[in-house]
Amino acid sequence: MNSEEFQKKLKTYQEPLSISVSVSLSNYFDIIKYILDDFSNNKNIPIIYISATIPSKSISTVLDVYGIDSKKIFFVDCISHIMMSSTTYTDRTVFVESPTMLETIMLKAEYILNKYVMKNSLVIVDSINSLAIHNDMKILSEFLHLFVTYLRSRSAYFIILSMKEQSNNEISNILNFVSDEILEVE
Amino acid sequence: MEKVRERCLTGIEALDNILNGGIPKGNTVLITGSAGTGKTTLSIEFLVHGAMKGEKGLYISVTEASEKLLENLIVYDFFSKEMIQKGIIFIDIPEIYEKLGMNKLQFSMEDINLLIENIVKIVTEFNVKRVVIDSITSICYRLQTEEKIMEFILRLSKALSELGCTTFLVSELLPSAKGYSQYGVEEAVSDGIILLGNLERRGDLLRTLRVVKMRGTSHSRATYVLDITSIGILLVPLLKGGGELI
Amino acid sequence: MNSVPTGVENLDSALISGIPIGYTVLLSGTPGSGIELFAKQFIGSHLPEEDATYITTTEKTEDIINTMKDFNWKTDIKIVNLGEEFYRRVLEKEIFISKYREEGIPASEILRPHKFHIEKELDILTLLTYEISMLKSPFRLVLDSLDFLFSNEENSRVISTLRTIKSHTQYRQGVSLFTLVTTLYPSIVQSGVEEIVDIILTMENIRTQTGFDRIFTIKKFRNHPEKVGIFKYNFSKNGIIIQKIF
């Protein structure tokens, strides 16, 4: 589908489910913008953004440029530490030392969900490809399976971003296994 | 069919789930692990959740002055320090030793009896329902023989159990220890063992928790990863990526 | 050599017109031999210019004064009652301990653990050293008795305190007298004390078929071995009297 179709598709979601979204590098930021805009501004659902590709600070900056209020978004940043980027602690950002600490990513998401008592929420993983660089496939699929099960029990939307250029069969298999819907955006 | 025993909820949701509904009331549980694995934090949270439900807690501090402990206590979102001090009795055992004239390095059987009697007296008078002894290892050090350690733990846990009290015995695990406790006896006479540890996996250090044994309930024996947060201890299952428990 | 009188009839001439200034004397004796009476007679015979201090560990202050009045000795002395202080602090604590061991620690003290304090352990030797340091030159000091110190403190610490007193006595132009009941101590303690002091006097009360033989000896006199000798002693309304027998 194209970007417009994708935006329309997003609007149709009314019940929590897990979606994998395959994007190409060229429209990567646009897609993120559509998702955040729809959930944050239209659905008014709080968002937990797990950043394993780009430090959360850079994402906030981009979002501000797009006019999306990043203050409504909680970040679980698991890349800043290993990139030795400066980490500014805010009550909206928690840091995980490394993208290999998959359990800690779940713990931090659970922490935010419990602390801010969110009935409906959206958890975005950005991206499965980045996590795949740091983790072996076996542990990564175990992680996503556990995480998706947990988020279902918490009635949360779950969006897993994947990058078309970096994808492979193994990643596709995992996504098939854990997703209710798979979207490919051209 | 196994009779279902009344449960004492630790208040740590994931742990209560692992234990299929909490710790069987009256059990004496060894909270064991090496330094810095979260034993004291876990034990305090157990008392805090009790206090929130109106169950009086007793924290017997053996190694660290309780004043200092309170200073360094994690700030919980759900329970203030003032409430903690109101709902939990903190006792420094050296004060008990001093008041009972227990100044010898090695305790006699009479000393042991006195110590048990006085703990039981406090528990009775204040209607305490949750007890933490932090650490049992330091008391064992002054009991020295296996017979005395066994006698002490068995008699204390029997007395406390009869009073409907659920007890945590914090055990310091030194690298030299084999099994789950320093003297080996503590684990044998406890009703339950919760093992806390550090797991190193490809350079990452994770805090872990495992329920090794718990009388009176079926439970998961899997290893969980633990996080200490302002909303309390959180647990998720350890992913099977290999790694060595340290 | 300047000396000060002992107040004991015939003893001053047997010494060198009394006790040389700067000397430390040990008076040891069997129980019931009268060493405590000697000590009082000695302090009561101080010269007007001497700062006289009587440190007691066993008697009540008023009993000391009354006894001295009975014999018409001067009572313008300072009495330091280490025994009472010790009793007040240490024995009081032991009484508490035995009460707590019997009845258990009261609940009120559990809830306010930091309000209650058994007073800080009294270090008698520190207190003693402090008293000694307050003495003005010239002084006359009696310490009755060493037995109390040896039974409550480490022997080596007592010996080192005695050395401090001895050197203070030398440099501050004083005379000091220690009492000690013989045959109670290991020889290392006895010889430790005997080595420190300049003069050793002994009193023995030996039972015979018809009554008692009371033997007084000058056992040691630093640099004056010719003064060593054996005497008989007896009591009169003025106190102890010694008589030459050989």
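Residues numbered from 1 in each chain as written. Chains lettered and ligands numbered in written order. Predicted model: local features only at pLDDT ≥ 70, side-chain atom pairs only at ≥ 80, totals over all residues.

Participant: I'd like to hear about the environment of I48 of chain A, residue by residue, with values.
Facilitator: Residue and element names in this part refer to chain A. The residue I48 is located in strand β2 (residues 47–51) in this model. Separated by 68 residues in sequence, I48 and Y116 have C-alpha atoms that sit 11 Å apart. Residues within four places of I48 in sequence aside, it is in contact with F74, V76, A109, I112, S121 and V123. (Helix = DSSP H or I, 4+ residues; strand = E, 2+ residues; numbered from the N terminus. Contact = placed C-beta atoms within 7 Å.)

Participant: How would you explain the arrangement of the chains if you had to name every residue and give the values?
Facilitator: Ranked by contact count, the leading pair among the two pairs of chains in contact consists of chains A and B. You won't find any contact between chain A and chain C; their C-alpha atoms come no closer than 34 Å.

Participant: Account for the interface of chain C and chain B, with residues named and values stated.
Facilitator: Facing the 10 residues of chain C at the interface are 15 residues of chain B. Top element by residues in the side of chain C that touches chain B is helix α4 (residues 82–103) of chain C. It accounts for four residues. Taken together, the residues that form the side of chain C that touches chain B break down as eight nonpolar, one polar and one charged. (Nonpolar A, V, L, I, M, F, W, Y, C, P; charged D, E, K, R; others polar.)

Participant: Before we move on, could you go through the sheet that holds strand β11 (residues 239–244) of chain C and cite the residues and values that matter?
Facilitator: Residues and elements named next belong to chain C. Here nine strands make up an open sheet; going across it, the order is β5-β4-β6-β7-β3-β8-β9-β10-β11 and the pairing mixed. The open sheet is flanked by β5 (78–81) and β11, the only strands paired with a single partner. Adjacent strand axes in the sheet meet at a mean angle of 20°, parallel and antiparallel pairs treated alike. In the sheet, strand β4 (residues 51–56) pairs with strand β6 (residues 139–144) via six bridges, with the strands oriented parallel. Following the sheet pairing, I55 is matched in β6 by L143. Most of the contacts of α4 go to β5, to which it runs at about 30°, and overall it touches β4 and β5. Sheet strands in contact with helix α9 (residues 187–196) are β3 (24–29), β7 (175–181), β8 (199–207) and β9 (212–221), and its direction is about 145° off that of β3. (Pairing = 2+ DSSP bridges. Axes fitted to C-alpha atoms, helices over the stretch in contact; angles between N-to-C directions.)

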